[in-house]
Amino acid sequence: MKKTLAILLAIVAVLGICLCTAGCGTKEKEKLVMGTNASFPPYEFVDDNGNIVGIDAEIAKAIAEKLNMELEIKDMEFDSLIPAAKAGTVDMVLAGMTVNEERKLSVDFSESYAKGVQVIIVAENSDIKTNDDLDGKMIGVQAGTTGDTYCTDDFGQDHVKQFANGALAVAALTNGQVDCVVIDNEPAKNYVAANKGLKILETVYADEDYAIAVSKEKTELMTKINKALAELKEEGKIKEIVSKYIKAD
Ligand code: GLN
């Protein structure tokens, strides 16, 4: 009886040690929360398994690894992203976000990691041939984007219809609710490939730089992000991620 008890105690002790090395040993990593709008392929989109993937998601993952932090991605509407960074509900925004002076009043931007171009999507048989034909038309945009700002400034609020994301704007174009969509070139290519009867005009609306937005209060994090980004560029990792999602035409 005593022997059985001794064996039992020994088993319990060994089990305890095992559990402790498995559990207590791995200290939980600090979280790095990325905010995005996962309707912007190939920068961010939801894959068949329901995961948020894309260029921005992979760059964020690589940054988190360098910082020894655990990445968490929060999906929200594009125009909620800067408020979320300001409020601290996300640590950084990667959303194919263009650097501009207005946004710089609210958040800080990292070094740029990609170029963007605003282009115009129209129906294949559209009478819109260049930017000059946009006057008097109904333009679909994603609310709060630079495309939205440019078109509202150039053609007036009454000629701009805002949508919560690119997919909805393109759906409205397919339904004939708007005459064109102004959006970034890479998502534009994806949407045109996925929807019959659409094309991208050759004329470019604007050239832009994408960067990571961080709260003005998180200067230490911003420094770390820029350092990680510089290393990733140097290692060729950014190029590798980009070429995985964007095939040279
Ligand atoms: N580049 C555009 C902007 O920053 C659009 C980004 C997006 O829709 N995710 O406004």
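Going by the structure above, here's the rest.
Everything numeric here is computed off the predicted structure, so don't read it as measured data. (Residues numbered from 1 in each chain as written. Predicted model: local features only at pLDDT ≥ 70, side-chain atom pairs only at ≥ 80, totals over all residues. Heavy atoms only, no water.)

### Remarks on the site of the ligand
Okay, step 1: The environment of the ligand is made up of 13 residues, and the closest members are A95, T98, R103, T146 and D184.
Okay, step 2: The separation between an oxygen atom of the ligand and a polar side-chain atom of Q142 is 3.0 Å.
Okay, step 3: At a separation of 2.7 Å, an oxygen atom of the ligand approaches a polar backbone atom of T146.
Okay, step 4: When the ligand is considered free in solution it has 300 Å² of accessible area, and contact with the protein chains removes 100% of it.
Okay, step 5: Split into classes, the residues belonging to the shell around the ligand amount to five nonpolar, five polar and three charged. (Near = heavy atom within 4 Å. Polar contact = N/O pair within 3.5 Å; in protein donor to acceptor, adjacent residues only side chain to side chain. Areas by Shrake-Rupley, 256 points an atom, 1.4 Å probe, with all protein chains shown as cover. Nonpolar A, V, L, I, M, F, W, Y, C, P; charged D, E, K, R; others polar.)

### Here we look at the sheet that holds strand β4 (residues 52-53)
Okay, step 1: Across the sheet, three strands lie side by side as β2-β3-β4; this open sheet has antiparallel pairing. The strands lining the two open edges of the sheet, one partner per strand, are β2 (39-40) and β4.
Okay, step 2: Direction of pairing for strand β3 (residues 44-46) relative to β4: antiparallel, over a ladder of two bridges. Considered in β4, the bridge of V46 is made with I52. (Pairing = 2+ DSSP bridges. Helix = DSSP H or I, 4+ residues; strand = E, 2+ residues; numbered from the N terminus.)

### Structural notes on helix α6 (residues 166-174)
Okay, step 1: For α6, the set of buried residues is G166, A169, V170, A172 and L173. The arc enclosing the buried residues of α6, seen along the axis, measures out at 155°, which places them on a common side.
Okay, step 2: Where α6 begins, the capping side chain belongs to N165, and its oxygen is found 3.1 Å from the backbone nitrogen of A167.
Okay, step 3: Count one or two residues on from α6 and you reach G176, which has phi positive near 80°. (Buried < 20%, exposed > 50% of the residue type's maximum accessible area, 1.4 Å probe, protein only. Arc of directions from axis to C-beta.)

### Quick look at the packing of helix α2 (residues 55-66) against helix α8 (residues 219-234)
Okay, step 1: Packing of α2 against α8 brings their axes to within 9 Å, and their N-to-C directions diverge by 110°. Between α2 and α8, the angle is such that the two are roughly perpendicular. The chirality of how α2 crosses α8 is right-handed. The residues of α8 that touch α2, namely those facing I59, A62, I63 and K66, are I225, A228, L229, E231 and L232.
Okay, step 2: Across the contact of α2 with α8, the residue classes tally to seven nonpolar, no polar and two charged. (Axes fitted to C-alpha atoms, helices over the stretch in contact; angles between N-to-C directions. Parallel < 35°, antiparallel > 145°, perpendicular 65-115°, else oblique. Left-handed = near helix turned anticlockwise from the far one by under 90°. Contact = heavy atoms within 4.5 Å.)

### Section: the environment of G166
Okay, step 1: Structurally, G166 is set in helix α6.
Okay, step 2: Taking relative accessible area as the criterion, G166 reaches 0% and is therefore assigned buried.
Okay, step 3: With 18 residues separating them along the chain, G166 and D184 place their C-alpha atoms 9.3 Å apart.
Okay, step 4: Not counting residues within four places of it along the chain, the set of residues in contact with G166 comprises S39, Q142, I183 and Y191.

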